[in-house]
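# Understanding the architecture of this molecule
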Amino acid sequence: MSYFELTIHEAHELLRKREISSEELTRAVLDRFRSVEEKIDAYLTVSEEMALEQARKADKAISEGNITPLTGIPLAVKDVICTRGLRTTCGSRMLENFMPPYDATVISKLKQSGAVILGKTNMDEFAMGSSTENSGFKTTSNPWALNRIPGGSSGGSAAAVAAHMCLGALGSDTGGSIRQPASHCGVVGMKPTYGRVSRYGLVAFASSLDQIGPVSKDVTDCAMLLGAISGYDPKDSTSVPREVPDFEASLTEGLSGVKVGIPKEYFENEGLDPEVSDAICNAIHRIVELGAGTVEISLPHTKYAVAVYYIIAPSEASSNLARYDGVKYGFRKAGTGDYLEMYKKTRSEGFGPEVKRRILLGTYALSAGYYDAYYRKASQVRTLLMHDFKQAFQRCDVILSPVAPTPAFKLGEKVDDPLTMYLSDIFTISANLAGIPGMSVPCAVSSQGLPIGLQLMGNHFTEEILLKTAFNFEKATDVKRLKPEI
Ligand code: GLN
């Protein structure tokens, strides 16, 4: 096995025993990057020098006996998270040359734990999309099938993990952007509870929905990464002052006593591919065999989730993206005319079509006369969706469902049809609207050789239950051992 194929916990063991150095590990991953990146296009920026410098620093720390689970581990970061002195584009021409003057809190935490940051991964522009085809720079390919999407919007992170171009990565999830690409690329991804992880330094898309979370090769790594980035941050007013549990410790608990909820509406969805449906049902059976009990639950407002999300997220985005005005920072198209002309030209050229569509939708939904009909109504239905989950979690501990209605679709298949693209978010957006944690764990490979993920959702701040359910399941299947051939 080559070093780049290691999981974080395997590499940590070798580093701890001083059988490898972080520099060797980092060089192996960088070599791997050079040999496969041409086919995948997962990264927007790679900083070899910075990474090797951090690796040498980690080796020094280890030699002095200072080692955390992430010391010396080479990781990738979605390009929506600010990294000091390392270009952060958000997949947008608007921020093509943006060099953040500060680190996001999650980055400070990774650096404090001695992790090595390799670079920044490709994404849909401002995290708006489900396929990574909305990037202002390039499209990323799915390592399992190069003519297919990796999922979005954290497609670069998921593809980089699946293709072993990093040991783990961070993504962000506003409506499914960690879970969907994790599902399509056959890796593990988690959107934590809203408030679990600081959003300070995460470029805002829809602030009431955005969360940063891990993308990893297995569930243990997911628990390790989550532990490293979680915790209260006074710099983020929505972060919750709550102790961070030992996520790894909960993995080894068994599943007896765990009640699994099966949301009947999710399986009645007409867009659900029968192969995905079968894969999820088989996974549920496996989890029951492992000792969990099941109960059918109802999330009756699910049918409104896509409509609600596509009012709320664009509304918040239209407000958040007002800051890109050609004055404060980012791209500027100077004209011969007045300020207004400069503003119009800057935003017309700097933003891509999907971002403009969201700004138009959001501005419309928030405008006087329409606010009550759209934004207020959507917020009211959002409360009903939250109520659905509240009721469901009185009867179960974890909800199991598909992540996406189909396995990865072909590149180009849905780019011209935004509505169909939006419908692929049906199973993931409710968790963001309700602020609950959700994760994707590989559960099957389709007849066409494409990975399928199982979604687990839990009540607020019950990530441990999701992790232990996923861990027990992972141990009981051999899906994890299947790898893309690239
Ligand atoms: N696909 C959803 C959207 O386009 C979710 C994106 C995300 O989670 N960042 O808004």
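Going by the structure above, here's the rest.
In this report, we go over the structure that sits alongside the text. (Residues numbered from 1 in each chain as written. Predicted model: local features only at pLDDT ≥ 70, side-chain atom pairs only at ≥ 80, totals over all residues. Heavy atoms only, no water.)

Along the backbone of the protein there are 17 helices and 11 strands. Along the first, second and third principal axes, the C-alpha set of the protein runs to 65 × 55 × 45 Å. Counting across all 486 residues of the protein, residues that qualify as buried make up 61%. Taking the contacts inside the protein whose residues are at least 6 apart along the sequence as the reference set, 76% of them involve residues at least 24 apart. For the protein, the exposed surface amounts to about 18300 Å²; the carbon and sulfur share of it is 51%. Where the 52 positive side-chain charges of the protein centre and where its 57 negative ones centre are 4 Å apart. (Helix = DSSP H or I, 4+ residues; strand = E, 2+ residues; numbered from the N terminus. Buried < 20%, exposed > 50% of the residue type's maximum accessible area, 1.4 Å probe, protein only. Contact = heavy atoms within 4.5 Å. Areas by Shrake-Rupley, 256 points an atom, 1.4 Å probe, with all protein chains shown as cover. Lys, Arg positive; Asp, Glu negative; His and termini not counted. Charge placed at Lys NZ, Arg CZ, Asp CG, Glu CD.)

Let's shift gears to the site of the ligand. Residues in close proximity to the ligand total 15 residues, the closest being Thr174, Gly175, Ser177, Tyr309 and Arg358. Interatomic distance of 2.9 Å between a side-chain N/O atom of serine 130 and a nitrogen atom of the ligand. Within the contact set of the ligand, a nitrogen atom lies 2.8 Å away from a side-chain nitrogen or oxygen of aspartate 425. Relative to its unbound accessible area of 290 Å², the ligand is 100% covered by the protein chains. Comparing atom positions with the cavity grids shows the ligand to sit within the largest cavity. Partitioning the shell around the ligand into residue classes produces 5 nonpolar, 7 polar and 3 charged. (Near = heavy atom within 4 Å. Polar contact = N/O pair within 3.5 Å; in protein donor to acceptor, adjacent residues only side chain to side chain. 1 Å grid on protein atoms, 1.4 Å probe; cavity = no way out; pocket = protein on both sides within 12 Å on 5 of 7 lines; lining within 4 Å. Sits in = over half its atoms within 2 Å of the grid points. Nonpolar A, V, L, I, M, F, W, Y, C, P; charged D, E, K, R; others polar.)

This next bit is on helix α2 (residues 22-40). At 3.6 residues per turn, the α-helix brings residues three or four places apart onto the same side. By the largest-angle criterion, arginine 34 marks the main kink of α2, which is about 40°. Lining the buried residues of α2 we find α1 (8-16), β1 (43-46), α3 (48-63), β2 (74-78), β3 (116-121) and α5 (155-162). Directly after α2, the chain includes aspartate 41, whose backbone phi takes a positive value near 60°. (Bend = angle between axes of the 7 residues up to and from the residue.)

Once that is clear, we can look at empty space enclosed by the protein. Counted according to the given criterion, the structure contains 4 cavities of 30 Å³ or more. Roughly 80 Å³ of volume is contained in the largest cavity. Taken together, the residues of the lining of the largest cavity break down into 5 nonpolar, 8 polar and 2 charged. (Points joined across faces, edges and corners; volume = space filled by probe spheres on them.)

Here strand β5 (residues 188-191) shows two buried faces, one formed by Val188 and Met190 and the other by Gly189 and Lys191. Of the pairings in the sheet, the one linking β5 to strand β6 (residues 211-216) comprises 2 bridges and is antiparallel in character. Among the inter-strand pairings, glycine 189 is bridged to a residue of β6, identified as valine 215. For β5 and strand β10 (residues 438-445), the ladder comprises 3 bridges, and the chain directions are antiparallel. The residue of β10 that forms the bridge with methionine 190 is methionine 439. (Pairing = 2+ DSSP bridges.)

Attention now moves to unusual backbone geometry. Omega for the peptide link from glycine 152 to serine 153 comes to 5°, which places this bond in the cis form. Mapped onto the secondary structure, serine 153 falls in the loop between β3 and α5. Its identity as a non-glycine residue notwithstanding, arginine 18 has a phi of 60°, on the positive side. Turning to its location among the elements, arginine 18 is positioned in the loop between α1 and α2. Arginine 18 gets classed as exposed once you look at its relative accessible area, which sits at 53%.

Counted according to the given criterion, the structure contains 16 aromatic pairs. When the ring of tyrosine 309 is compared with that of tyrosine 310, the centres are 4.7 Å apart and the planes differ by 75°; the resulting orientation is edge-to-face. By the burial criterion, tyrosine 309 is buried, and tyrosine 310 matches it. Through a chain of ring-to-ring contacts, three or more aromatic side chains come together here, namely Phe98, Phe126, Tyr324, Tyr329 and Phe351. Positioned above the aromatic ring of phenylalanine 137 is the side chain of arginine 87, whose terminal nitrogen or guanidinium carbon lies 5.8 Å from the ring centre. (Phe/Tyr/Trp six-rings, centres within 6.5 Å; stacked < 30°, edge-to-face > 60°. Lys NZ or Arg CZ within 6 Å of the ring centre and 35° of its normal.)

This next bit is on the sheet that holds strand β9 (residues 398-402). In space, the 11 strands of this open sheet follow the order β1-β3-β2-β4-β6-β5-β10-β11-β9-β7-β8, with mixed pairing throughout. The outermost strands of the open sheet, each flanked by one partner alone, are β1 and β8 (293-297). The average undirected angle you get between the axes of adjacent strands in this sheet is 30°. In terms of strand pairing, β9 meets strand β11 (residues 451-458) through 5 bridges, oriented antiparallel. Residue leucine 400 lies in a different strand from β11, and its bridge partner there is leucine 456. (Axes fitted to C-alpha atoms, helices over the stretch in contact; angles between N-to-C directions.)

In this structure, the largest pocket encloses a volume near 400 Å³. Lining the largest pocket are 19 residues, and of these Asn269, Glu270, Gly271, Leu423 and Ile426 lie nearest its centre. Counted as a void, the second largest pocket has a volume near 330 Å³. If you list the elements that add at least two residues to the lining of the second largest pocket, you get α5 and β10. No other element matches β10, which puts 4 residues into the lining of the second largest pocket. Looking at the lining of the second largest pocket residue by residue, the class counts come to 15 nonpolar, 4 polar and 8 charged.

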